[in-house]
Amino acid sequence: MAGYDEIADWYEEEFLRAQPVNPGASALRDLLGEGSGVCLEIGCGTGVHADLVRELGWMPLGVDLSSGMLRHARARLPTVRADAARLPIGDRSVDAVVSVLALRAFVGAAGTENEYGANGVLQNPSTTHWPSC
């Protein structure tokens, strides 16, 4: 994740400030929707989606492998540094799981896409059956 560590300050201070709206907010609002409980954001980056997750009624929890990105995220939500392939949470211990603008970093090669392309929300287990979450 050294590449993401190297661009974390630029992403937070220049890229995000130059965006007219929160990148991915529309997909997050449409696919996650209102709810309650813990919402895990895999690949949370700098935590820019935490306010919207809260606005929708969820309690955000972020996980990312990049220390540089998490340095910014910690001011926005509780975070854990971990690999998405080995999440440090138990089965069914969160109520929703999302990933916004991060899927290309870890599953894009698998060709996983939805109406938002490879940058959408994974799922909301309260509206979709998941055997383990």
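Remember, predicted model here, so these are calculated numbers, not experimental data.

1. Points about the overall build of the protein
Helix and strand counts for the protein stand at five helices and four strands. When its helices and strands are written in sequence order, the protein yields α-α-β-α-β-α-β-β-α. Within the protein, the proportion of its 133 residues that are buried is 40%. Taking the intrachain contacts of the protein between residues at least 6 apart in sequence as the baseline, contacts between residues at least 24 apart amount to 58%.

2. Details of the sheet that holds strand 1 (residues 38-42)
With parallel pairing, four strands are arranged side by side in an open sheet as 3-2-1-4. Across the chains shown, the open sheet's two edge strands, defined by having one partner strand only, are strand 3 (79-81) and strand 4 (96-98). When the angles between neighbouring strand axes are averaged without regard to direction, this sheet yields 20°. Two elements, strand 2 (residues 59-64) and strand 3, share three bridges in a ladder whose sense is parallel. Within strand 3, the residue paired with Asp64 across the bridge is Arg81.

3. Digging into the nonpolar core
Counting residues in hydrophobic clusters, the biggest one holds eleven residues: Ala25, Leu28, Leu32, Cys39, Leu52, Val53, Leu56, Trp58, Ala96, Val98 and Val100. Among the secondary structure elements, those contributing two or more residues to this core are helix 2 (25-32), helix 3 (50-55) and strand 4. The biggest single contributor to this core is helix 2, with three residues. Those residues in contact with Cys39 that sit more than four places away from it in its chain are Leu32, Val53, Trp58, Met59, Pro60, Leu61, Ala96 and Val98. Core analysis: the next-biggest nonpolar cluster, separate from the first, contains eight residues, Val38, Leu61, Ala82 and Val97 among them.

4. A word on unusual backbone geometry
Its identity as a non-glycine residue notwithstanding, Arg92 has a phi of 60°, on the positive side. Relative accessible area serves as the criterion here: at 56%, Arg92 is assigned to the exposed category.

5. Topic: the pattern of salt bridges
Two side chains of opposite charge can pair, provided their charged atoms sit close to one another. Inspection of every chain in the model, using the stated rule, returns five salt bridges. When the shortest N-O distance is used, the salt bridge between Arg71 and Asp9 registers 2.9 Å. Here Arg71 is found in helix 4 (residues 67-73), whereas its partner Asp9 is found in helix 1 (residues 2-18), with 62 residues between them in sequence. On the accessibility criterion, Asp9 (33% relative accessible area) is partly exposed.

Reading the values: rules and limits
Residue positions are given per chain, counted from 1 along the sequence in the order it is written. Totals for whole chains, interfaces and linings use every residue, but because this is a predicted model, local features are given only for residues with pLDDT of at least 70 and side-chain atom pairs only at 80 or more, for both listing and counting. Just so you know, side-chain values use all the structure's heavy atoms and leave hydrogens and water out. Each helix is a run of DSSP H or I of at least 4 residues and each strand a run of E of at least 2, with the numbering of both proceeding from the N terminus. Per-residue accessibility, obtained with a 1.4 Å probe over protein chains only, is compared with the maximum for each type, and a residue is labelled buried under 20%, exposed over 50%, and partly exposed between these values. Between two residues, a contact is recorded if the distance between any of their heavy atoms is within 4.5 Å. Note on pairing: two strands pair once DSSP finds at least 2 bridges between them. Structural elements are reduced to axes, namely lines fitted to C-alpha atoms, with helices fitted over the stretch in contact, and the angle between N-to-C directions of any two is expressed from 0 to 180 degrees. Buried residues of nine kinds, namely Ala, Val, Leu, Ile, Met, Phe, Trp, Tyr and Cys, make up a nonpolar core once their side-chain atoms join them within 4.5 Å. The salt bridge criterion pairs a side-chain nitrogen of Lys or Arg with a carboxyl oxygen of Asp or Glu, the two atoms within 4 Å.

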